[in-house]
Amino acid sequence: MTEIPGKELTLILVMIFAMLILIPYLQSHTDKDITKMLFGIRSKKKDANPEVKKARWKPKVHNGTKNELTSFVAQLLRFSSKNGMRLVAPGSVSHNGETARLTALIVGPGGIVGAYCLGFGGSITPGDLKAPAGKTAPWRQKINGETKTFDNPLKVCEEQQKLVLAAMEKAGISAELTVVPVFTNPQATLCSTPAFVYTPKSFVQYLKEHPSLKTGNLDIHPTALTLADLAGIRNEKKSQKEKK
């Protein structure tokens, strides 16, 4: 066995001693795994508080997708079919050059309910809690650490309701109309919102419990057909058939 000269042996021992002191010092001050960097092995040092590290990472929240909206409309179609109602979707009724931004209109014997759908995710809060039902200021969306604003959905619903009512009146439809906002994104959390702001589940429950929707004299079939014409649905289907 080859002998190591005294001076070289001393130098090696000094280097080992220095590394034993420096590695823990560097790791504690840089928060990096120096052992792994130098030797390709993982340090056995455990996180003093694993919960802190776990809390740092949160899954990213996304806004809604077309699939969620399609699923919601399919749910409304099943509900309306089972409960003697008619569904008009999309509810994009046009009048005087303006087009409603409604996802659907549910026609029942006692009236019509419009769904204005929003796909915002994250925490949803009215902009001005002191105002009546927050009907004035924009609303807030807190998502992935950012705070954004969007048009007050209650104000938008009022505008959509006036537009559709004017179109209905011109078309000879005499019926009550209610337009409400529905947040379709399952990653949305509604905070301090009024009772008449819905998720898909609570909206269907609202339709079930609506006092006059199932009782009344409105002839739902011709009413739904007229609304479909106002929304351009039947004309669109006719055009598609002609192309085929």
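These lines cover the structure that appears in this document, whether it is placed above or below. Numbering of residues starts from 1 in every chain and runs along the sequence as written. Local features are withheld for residues below a pLDDT of 70 in this predicted model, meaning they are given only at 70 or higher, and side-chain atom pairs are given and counted only at 80 or more; totals for whole chains, interfaces and linings count all residues. Side-chain calculation: all heavy atoms of the structure are included, whereas hydrogens and water are not.

**Here we look at the overall build of the protein**
From N to C terminus, the protein includes 8 helices and 10 strands. Residue exposure (1.4 Å probe, protein chains only): buried if accessible area is under 20% of the type maximum, exposed if over 50%, otherwise partly exposed. Split into buried and exposed, the 244 residues of the protein put 33% on the buried side. Contacts were defined at the residue level, with two residues in contact if any of their heavy atoms lie within 4.5 Å. Considering only residue pairs separated by 6 or more positions, the protein has 58% of its internal contacts joining residues 24 or more positions apart. The way it works is that DSSP assigns letters per residue, a run of H or I at least four long becomes a helix, a run of E at least two long becomes a strand, and they are numbered from the N terminus.

**Examining the side chain of histidine 210**
When you line up the elements, histidine 210 lands in the loop between helix 6 (200–209) and helix 7 (220–230). A polar contact is formed between the side chain of histidine 210 and the backbone nitrogen of leucine 213, at a distance of 3.3 Å. Nitrogen and oxygen atoms within 3.5 Å of one another constitute a polar contact, given that in protein one can donate a hydrogen and the other can accept it, and given that sequence-neighbouring residues count only through two side-chain atoms.

**Quick look at the sheet that holds strand 8 (residues 146–150)**
Note on pairing: DSSP must find at least two bridges between two strands before they are called paired. Spatially, the 4 strands line up as an open sheet ordered 8-7-6-10, and their pairing is mixed. On the outer flanks of this sheet lie strand 8 and strand 10 (188–190), each paired with one strand and no other. Each neighbouring strand pair of the sheet contributes to a mean axis angle of 25°, computed without reference to strand direction. Bridge count for strand 6 (residues 122–125) against strand 10 is 3 bridges, and the pairing is parallel. By the bridge assignment, serine 123 is partnered in strand 10 with threonine 189. Fitted lines through C-alpha atoms serve as axes, helices being fitted only where they are in contact, and the angles separating the N-to-C directions of these axes extend from 0 to 180 degrees.

**Points about the environment of alanine 167**
Assignment of secondary structure puts alanine 167 in helix 5 (residues 153–171). Once the C-alpha coordinates of alanine 167 and leucine 230 are considered, the two residues, 63 residues apart in sequence, prove to be 7.6 Å apart. Setting aside chain neighbours within four positions, we find alanine 167 in contact with Val93, Ser94, His95 and Leu230.

**Focus on helix 4 (residues 66–82)**
Think of an α-helix as turning once every 3.6 residues; residues three or four places apart then point the same way. A helix's residues, less one, multiplied by 1.5 Å, set its expected span. With 17 residues, helix 4 should cover 24 Å at 1.5 Å per step; its first-to-last C-alpha distance of 25 Å lies within 8% of that length. Restricting attention to buried positions, one finds in helix 4 the residues Phe72, Leu76, Phe79 and Ser80. Down the axis of helix 4, the buried side of the element spans an arc of 95°, and every buried residue falls inside it. Away from its buried face by more than 90 degrees, helix 4 exposes Lys66, Asn67, Ser81 and Lys82. Residues of helix 4 that are buried make contact with strand 1 (86–88), strand 4 (104–108), strand 5 (111–118), strand 9 (177–183) and helix 6. By arc we mean the arc of the directions from the helix axis to the C-beta atoms, nothing more.

**A short note on the packing of helix 4 against helix 6**
Relative to each other, helix 4 and helix 6 sit at 20°, their axes nearing to 11 Å. Between helix 4 and helix 6, the interaxial angle falls into the category roughly parallel. Like other packed secondary-structure pairs, helix 4 and helix 6 cross with a definite hand, here right-handed. Taking contact as the criterion, the partners of Phe72, Gln75, Leu76 and Phe79 in helix 4 are, on helix 6, Pro200, Phe203, Val204, Leu207 and Lys208. For the contact of helix 4 with helix 6, a count of residues per class yields 7 nonpolar, 1 polar and 1 charged. Just so you know how the angles are binned, under 35 degrees is roughly parallel, over 145 roughly antiparallel, 65 to 115 roughly perpendicular, and the rest oblique. The handedness criterion is simple: a crossing whose near helix is rotated anticlockwise from the far helix by less than a right angle is left-handed, and one whose near helix is rotated clockwise is right-handed. The classification used treats Ala, Val, Leu, Ile, Met, Phe, Trp, Tyr, Cys and Pro as nonpolar, Asp, Glu, Lys and Arg as charged, and all other residues, Gly among them, as polar.

**Some points on the pairing of strand 9**
Counting buried positions along strand 9 yields 6 of 7 residues, so the element is predominantly enclosed. The pairing of strand 5 with strand 9 spans 7 bridges and is classified as parallel. Residue glycine 114 lies in a different strand from strand 9, and its bridge partner there is valine 179.

**Here we look at the packing of aromatic side chains**
Paired rings are identified among Phe, Tyr and Trp, the last through its six-membered ring, by centres lying within 6.5 Å, and are further divided according to the angle between planes into stacked (under 30 degrees), edge-to-face (over 60) and tilted (the rest). By the definition in use, this model includes 8 aromatic pairs. Residues phenylalanine 150 and phenylalanine 183 carry aromatic rings whose centres are separated by 6.3 Å and whose planes lie at 70° to one another, so their mutual orientation is edge-to-face. Separated by 33 residues along the polypeptide, phenylalanine 150 in strand 8 and phenylalanine 183 in strand 9 bring together distant segments of the chain. Both residues of the pair, phenylalanine 150 and phenylalanine 183, belong to the buried class. Taken together, the ring pairs connect Phe72, Tyr198, Phe203 and Tyr206 into an aromatic cluster.

**Let's talk about the side chain of asparagine 185**
Structurally, asparagine 185 can be placed in the loop between strand 9 and strand 10. Taking the relative accessible area as the measure of exposure, asparagine 185 reaches 3% and is therefore buried. Separated by 2.8 Å, the side chain of asparagine 185 and the backbone nitrogen of glutamine 187 make a polar contact. Excluding residues within four positions of it along the chain, asparagine 185 makes contact with His62, Asn63, Gly64, Glu68, Leu118, Gly119, Phe120 and Gly121.

**Topic: a positive patch on the surface**
Every patch collects residues that have over 30% relative accessible area and no salt bridge, joining them within 9 Å if they carry like charges and within 5 Å if they are nonpolar side chains (Val, Leu, Ile, Met, Phe, Trp, Tyr). Accessible surface area values rest on a Shrake-Rupley calculation with a 1.4 Å probe, where residue burial reflects the displayed protein chains alone. Each salt bridge in this description consists of a side-chain nitrogen of Lys or Arg and a carboxyl oxygen of Asp or Glu lying within 4 Å of one another. Positive charges are assigned to Lys and Arg, negative charges to Asp and Glu, while His and the chain termini are left out of the count. A charged residue contributes its charge at one atom only: NZ of Lys, CZ of Arg, CG of Asp or CD of Glu. Taken together, the side chains of Arg78, Lys82, Lys208 and Lys214 present a region of like positive charge at the surface. Examined against the element boundaries, lysine 214 turns out to sit in the loop between helix 6 and helix 7. Its relative accessible area of 41% is what places lysine 214 among the partly exposed residues.

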